[in-house]
Amino acid sequence: MKDLFNNKYTKANKNIVQSIDEFFKRISNLIAIAGSIFAIFVLLMQVRQVNIDNFYISHYSEIINVITICFILILVDQIRIAPRKLYIVVSAIQIIGVLLLNFFSKKYYDVYANRIIWTIAGSVLFFLVIVLNWLRLSYSRLTLYQMIIASFIFVITLGSLLLYLPLSTVSGKLHFVDALFTATSAVCVTGLSVIDISKEFTLFGQVVLIMLIQIGGLGIMSISAIVLLFATSKGSVQDRVRTLEMFNTQNKDIIQSTVKVIFLSTFLIELLGAVILFTAIDKNVSFPSRVFSSLFHSVSAFCNAGFSLYTDSLHRYSGNITVNVTIMFLITLGGIGYPVMLTVSRAFINKIKGQRYAFDVQARIVIFTSVLLIVAGAAFIFFNEYSNALKDLPLKEKILVSLFQSVSPRTAGFETFSYNALSNVTIGVVIFLMFVGASPNSTGGGVKTTTLFVFVFSVITAIFNRPYIVVNGRKIKDDTVNKSVAIVTLAIAISVLAAFLMFYIEKSHSMMPILFESISAISTVGLTLGITPVLTIWSKLILILLMFIGRVGYLTLFMSIGSINKGKYGMIDLPTSDVTIG
């Protein structure tokens, strides 16, 4: 009996020691990642010395010494805890690389060409440190949902520092909160901006911006798949099952092929969009600028980001059929979601082959709701504003403007007509379209079309006293209905609360522009009634939080906090009780 007790005690102590060791390993990885991001920031600060009195430029020698010492300690510790010999070799090479960087960067600092070389070399070195530590961290006990959120935070942080660089702006000066706001808006594919990116950002800054948009556009679904593929034993069984469900499959091998299709289709669609836009925009500028502008707007449209290289968004092309149709087509494809795109593609291919292929319930709901919202929204804007805001436009342009302003609020953020010119009733309809947003597993935000569909039909089902929702002969799960109600309620509550906070912070005289801004942020739309650039820092921080919540998704955010308490909600059912409502 005593031996049994001692064995249990020893095992418990080992578990505690392992938990502590695992905790410190994760801390080591996080410090290495954070330190590497800071080191890249410091190195890039030296390239374009707009202000020689800048702290990071004038104290470079001291800062690089501190970075070197810290990384030697971190890498030595990683050698100590390395599970394989390969990790020891890699860490040793990294130590040598940091020492060489310290030596050469200080010795050849005054030569600009050499400064460019060691800046690139050092940035590559620290980026490899980031990647390796991120992969090691993915094997920790963080759940998939926590890893997704951490991924977004990591990219936003790195993007903020890159946009904060003097290299990114024409003036060489940008407030860090504005850099953080812009990076968050890009990664969360929102499009809200406190600065004019066409005038404020250099080519480097615009390239960083479009890369952040592309990463954010590929989004949660692809990040989940990548985490699952790189970490085969990662997370709980429940986490892996949820990820498989995202792709509507129970086969992990199918996910690998699906991820390839997602990346390939994304780049092909964006390339096709860029080629078409190239024929219609910026005909008076140089060939390289025209290519970049076409590619930028194509990526921004497909990712539903809404960033434009024009101060007036796309107002100058309000009557251009090619630009309007192409942008709307890209927005719609990006917004219906990859699973639906794959379903439609398979159905089209099978029809060509003469084979039968039925749409699943999700595809039917997404297509039906999307078409209904676009047509109804366009019709309302057209007829309600026909003799008002649109009265001076020819019929063709009235139709294009109405249709574009119905598609764009579905989380895209482009505009070909000023929303300030629209009536309050039309603005209310636009707010509703923004609130709904795109579809699940897409590049867009909002509560999603499927959520709206299930929510509305749950209300209809309750009114007519039906036991459940039926779509195409299939019963919608009660769990799905509960989640739809929760998401709609949370979205309304968070948006309204944020709007009230911003209303008092800004001491505004009207709630409509504030509410519009709040819904636009949490639905990752990017439309504004013109108040974004004049907001105070506190309101900007609120919008940053809203954009982040809207992009990672309500369920992802709350599932990252914890899992089901199986002890409380186990297999044993509890007695039921009636509660009178209504």
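None of these values were measured; they are calculated from a predicted model. Residue indices begin from 1 for each chain and proceed along its sequence in written order. Reporting in this predicted model follows two pLDDT cut-offs: at least 70 for local features of residues, and 80 or more for side-chain atom pairs to be given and counted; totals over whole chains, interfaces and linings ignore these cut-offs and use all residues. Each side-chain value is derived from all of the structure's non-hydrogen atoms; neither hydrogens nor water enter the calculation.

**Some details on the packing of helix α7 (residues 176–187) against helix α21 (residues 537–552)**
Here comes step 1: α21 packs onto α7 with a crossing angle of 20° between their chain directions and a minimal axis gap of 9 Å. As judged from the angle between their axes, α7 and α21 are roughly parallel. Classified by chirality, the crossing of α21 by α7 is left-handed. Contacts between α7 and α21 involve V177, D178, L180, F181, T184, S185 and V187 from the first element and I537, K540, L543, I544, M547 and R551 from the second. In this description, a line fitted to the C-alpha atoms serves as the axis of each element, helices being fitted only across the stretch in contact, and the angle between N-to-C directions of two axes falls anywhere from 0 to 180 degrees. Strands here mean DSSP runs of E at least two residues long; helices mean DSSP runs of H or I at least four residues long; both are numbered from the N terminus. Each angle receives one of four descriptions, namely roughly parallel if under 35 degrees, roughly antiparallel if over 145, roughly perpendicular if within 65 to 115, and oblique otherwise. Here is the rule for handedness: rotate from the far helix to the near one, and if that takes an anticlockwise turn smaller than a right angle the crossing is left-handed, while a clockwise turn gives right-handed. In this description, contact between two residues means that some pair of their heavy atoms is separated by no more than 4.5 Å.

**Some remarks on the packing of helix α20 (residues 512–522) against α21**
Here comes step 1: Put simply, α20 and α21 touch, their axes get as near as 7 Å, and they point 40° apart. Classified by the angle their axes make, α20 and α21 are oblique. Listed contacts from α21 to E517, S518, A521 and I522 of α20 are L543, L546, M547 and G550.
Here comes step 2: Across the contact of α20 with α21, the residue classes tally to five nonpolar, two polar and one charged. Residue polarity is assigned by list, with Asp, Glu, Lys and Arg as charged and Ala, Val, Leu, Ile, Met, Phe, Trp, Tyr, Cys and Pro as nonpolar; anything else, Gly included, falls into the polar class.

**Regarding the nonpolar core**
Here comes step 1: Nine residue types can take part in a nonpolar core, namely buried Ala, Val, Leu, Ile, Met, Phe, Trp, Tyr and Cys, and a core is a set of them joined through side-chain atoms within 4.5 Å. Here's how the labels work: a residue is buried when its accessible area is under 20% of the maximum for its type, exposed when over 50%, partly exposed in between, all with a 1.4 Å probe on protein chains only. Membership of the largest hydrophobic core comes to 104 residues, with the highest contact counts inside it found for F126, L209 and I213.
Here comes step 2: With eleven residues, the top contributor of residues to this core is helix α6 (residues 144–164).
Here comes step 3: Discounting residues that sit within four places of it in the chain, F126 has contacts with S36, A39, I40, L43, I67, F71, V98 and L101.
Here comes step 4: Counting residues in each nonpolar core, the second largest holds 28 residues, with L218, I269, L277 and I336 among its members.

**Considerations on helix α16 (residues 395–407)**
Here comes step 1: The terminal C-alpha atoms of α16 lie 19 Å apart, and with 13 residues this matches the ideal 18 Å at 1.5 Å per residue to within 8%.
Here comes step 2: Within α16, the full set of buried residues consists of E397, K398, L400, V401, S402, F404, Q405, S406 and V407.
Here comes step 3: Next to the buried residues of α16 lie α13 (321–336), α15 (361–385) and α17 (424–436). Expected helix span is taken as 1.5 Å per residue step, with the number of steps being one fewer than the number of residues.

**Thoughts on a nonpolar patch on the surface**
Here comes step 1: Together, L497, L501, I505, I537, W538 and L541 line one region of the surface with nonpolar side chains, adding up to about 580 Å² of accessible area.
Here comes step 2: Checked against the element boundaries, L497 lands in helix α19 (residues 478–506).
Here comes step 3: Residue L497 is classed as exposed on the basis of its relative accessible area, which comes to 53%. A patch consists of residues whose relative accessible area exceeds 30% and which take part in no salt bridge; residues with like charges are grouped when within 9 Å of each other, and nonpolar side chains (Val, Leu, Ile, Met, Phe, Trp, Tyr) when within 5 Å. Here, Shrake-Rupley sampling with a 1.4 Å probe gives the accessible areas, and only protein chains in the shown set may cover a residue. Salt bridges, as used here, are contacts in which a Lys or Arg side-chain nitrogen is within 4 Å of a carboxyl oxygen on Asp or Glu.

**Quick look at the pattern of salt bridges**
Here comes step 1: What the rule picks out here adds up to three salt bridges.
Here comes step 2: We note a salt bridge from D178 to K540, for which the minimum N-O separation is 2.8 Å. Here D178 is found in helix α7, whereas its partner K540 is found in helix α21, with 362 residues between them in sequence. When sorted by exposure, D178 lands in the same class as K540, which is buried.

**Observations regarding the side chain of T169**
Here comes step 1: Within the fold, T169 resides in the loop between α6 and α7.
Here comes step 2: Among the polar contacts listed, one links the side chain of T169 to the backbone nitrogen of K173, at a separation of 3.4 Å.
Here comes step 3: With residues near it in sequence (within four places) discarded, T169 still touches R48, L163, L174, E200, F201 and T202. Contacts described as polar in this section are N or O atom pairs within 3.5 Å, which, within protein, must combine one atom able to donate a hydrogen with one able to accept it, while residues neighboring in sequence count only if both atoms come from side chains.

**Some remarks on unusual backbone geometry**
Here comes step 1: The phi angle at S313 is positive, at roughly 60°, despite the residue not being glycine.
Here comes step 2: You can see S313 is positioned in the loop between α12 (287–302) and α13.
Here comes step 3: We classify S313 as buried; its relative accessible area is 11%.
Here comes step 4: Positive phi outside glycine occurs at T411, with the angle close to 80°.
Here comes step 5: With respect to the element layout, T411 can be found in the loop between α16 and α17.

**Let's talk about the packing of aromatic side chains**
Here comes step 1: For Phe, Tyr and Trp, where Trp contributes only its six-membered ring, two rings pair if their centres lie within 6.5 Å, and the inter-plane angle classes them as stacked under 30 degrees, edge-to-face over 60, or tilted in between. Scanning all chains against the criterion turns up 21 aromatic pairs.
Here comes step 2: Ring centres of F103 and F104 lie 5.1 Å apart, and the angle between their planes is 80°; on these two criteria the pair is classed as edge-to-face.
Here comes step 3: Note on F103: relative accessible area 44%, which makes it partly exposed.
Here comes step 4: On the basis of relative accessibility, which here comes to 36%, the residue F104 falls in the partly exposed class.

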